[in-house]
Amino acid sequence: MNDIICPKCNTAFKIDEAGFADILKQVRDDSFKKELEDRLNLAEKEKEAAIKLTEATVKSSFTDNLAKKDLEILELKAKSEQELSKQLAEKVKELAEMKAKIDKIELENKLAVNLAVQKVEKERDHLANDLKTKELEKQSLENSLKQQYSADLQSKDAIIKYKDEEIARVKDMKLKLSTKMIGETLELHCENEFNKLRATAFPTAYFEKDNDSRTGSKGDYIYREEDEAGNEIISIMFEMKNEGDETATKKKNEDFFKELDKDRTEKKCEYAVLVTLLESESELYNTGIVDVSYKYPKMYVVRPQFFIPIITLLRNASMNSLQYKAELALVRNQNIDITNFESKMNKFKDEFGRNYELASKKFKEAIDGIDKTINQLQKTKEALLSSENNLRLANDKTEGLTIKKLTHGNPTMKAKFDELGGIDN
């Protein structure tokens, strides 16, 4: 038997081998159990440490992956923003260049229009000055002509006096007319009377029978005279009517006025004179030179003895008015020049208006093209802004990414994270 001392009360007691074996067994069981528990605890701690280490490793790996993804997203975002900024900068630069071109075109067009307007205004002022000068010259010439015509009118009494004296002289000649006109035609008489004085009184005059019947009628004689410059001094269409030429019926002088005026007009003569022996008893026609311009312009009726005097009177009057005719011709030419000048100016205005209209049309087309380009750039800008908005939404979605959202619908990954401690992020 063996003595066993109680560790609590220090009492010694004896125990046989069976009891010792039993006690030893109990001790061994308790030690094993304790050791087992210690080992289990140690295994549990090692398990927990391993889990924590795995969890830390997974967290670290996931965090690294998230960091990499975040970095990639930031780089992508920065790259997109940089490209977007670069594109926007290029578009802004292009827009600025286009705007500068538009401003330049507008400025050039404004300068061109201003220059054209200044040129037209300058020419207009020049034309106005020329017209004013021409008007003053015309007024001065008109005043001069009025003064000269006034002087001529003042000499009217003298002419009338001369006419009365000539009438008296012709009446006396009529009484003294001899029978030598008997047997001579009136035309031959007038031609002979003219030829007697042609060399001395009318050296440069034209006096011939009118043989041109292309218009259907013709007068008897045409008298024309020009100065050294070729300006017509006077022109007269003569018609001779003899009483002896009429047979059955007696005609009146007035019956020939219309045809005589027609011949004068067609042959471009200034005056018309009827030398007549008709109505021999008429006191009106026997008084001398009869002015019938109240019926037909510049027409006179004379007896044969007044044939030379009527030429002389009309010729002298035309000689006196020759200067006025030349001045009037100059005025007419000046008026024609002014009219031509105004026509050229109006033509220039019309052509300038057409060119300005074409330039305005081209300018509008350019502006429309620029507007279309600006609209296209605006659409590009809106597309870029939309792309930036999509990137912002993608970034927001990345920032809202969690483990719970990642494992949603994926039981395998959810179980793994649950084993690591049920991460709820």
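The shown structure was predicted, so the numbers you read here are calculated from the model rather than taken from an experiment. (Residues numbered from 1 in each chain as written. Predicted model: local features only at pLDDT ≥ 70, side-chain atom pairs only at ≥ 80, totals over all residues. Heavy atoms only, no water.)

Looking at the packing of aromatic side chains
Here is step 1: Within this structure, the stated rule accounts for 10 aromatic pairs.
Here is step 2: Seen in terms of ring centroids, Phe-194 and Phe-202 are 5.0 Å apart; in terms of plane orientation they differ by 10°. Their pairing is stacked. Comparing Phe-194 with Phe-202, the two get one shared label, buried.
Here is step 3: An aromatic cluster of three or more residues is present, and its members are Phe-194, Phe-202, Phe-207, Tyr-221, Tyr-223, Phe-238 and Phe-307.
Here is step 4: Sitting over the ring of Tyr-271, Lys-298 keeps its end group 5.4 Å from the ring centre. (Phe/Tyr/Trp six-rings, centres within 6.5 Å; stacked < 30°, edge-to-face > 60°. Buried < 20%, exposed > 50% of the residue type's maximum accessible area, 1.4 Å probe, protein only. Lys NZ or Arg CZ within 6 Å of the ring centre and 35° of its normal.)

A word on the sheet that holds strand β5 (residues 232-241)
Here is step 1: Taking strand neighbours across the sheet as the criterion, the 6 strands line up as β3-β4-β5-β6-β8-β7 in an open arrangement whose pairing is mixed. In the strand order of this sheet, the two ends are held by β3 (206-209) and β7 (290-291), each with one partner.
Here is step 2: By the bridge criterion, 2 bridges tie β7 to strand β8 (residues 299-302) in an arrangement that is antiparallel. The residue of β8 that forms the bridge with Asp-291 is Tyr-300.
Here is step 3: Against the sheet, helix α3 (residues 186-201) contacts β3, β4 (221-226), β5 and β6 (271-276), and its axis sits at roughly 160° relative to β3.
Here is step 4: Against the sheet, helix α4 (residues 257-266) engages β5, β6 and β8, with an angle of about 140° to β6. (Pairing = 2+ DSSP bridges. Helix = DSSP H or I, 4+ residues; strand = E, 2+ residues; numbered from the N terminus. Contact = heavy atoms within 4.5 Å. Axes fitted to C-alpha atoms, helices over the stretch in contact; angles between N-to-C directions.)

As for unusual backbone geometry
Here is step 1: If you check the backbone angles, Lys-268 has positive phi at about 55° while not being a glycine.
Here is step 2: Looking at where Lys-268 falls in the secondary structure, it is placed in the loop between α4 and β6.
Here is step 3: The phi dihedral of Glu-279 falls on the positive side, at around 50°, and the residue is not glycine.
Here is step 4: With respect to the element layout, Glu-279 can be found in the loop between β6 and α5 (283-286).

Concerning the pattern of salt bridges
Here is step 1: All told, the structure shown has 9 salt bridges when counted by the stated rule.
Here is step 2: Residue Glu-187 pairs with Lys-209 through a salt bridge whose shortest N-O separation is 3.0 Å. Here Glu-187, found in helix α3, pairs with Lys-209, found in strand β3; they are 22 residues apart in sequence, far enough to count as distant.
Here is step 3: Glu-187 gets classed as partly exposed once you look at its relative accessible area, which sits at 25%.
Here is step 4: With relative accessibility at 34%, the residue Lys-209 sits in the partly exposed group.
Here is step 5: A salt bridge links Glu-239 to Lys-241; the nearest nitrogen and oxygen atoms lie 3.5 Å apart. Accessibility assignment for this pair places Glu-239 and Lys-241 in one class, buried. (Salt bridge = Lys/Arg side-chain N within 4 Å of Asp/Glu carboxyl O.)

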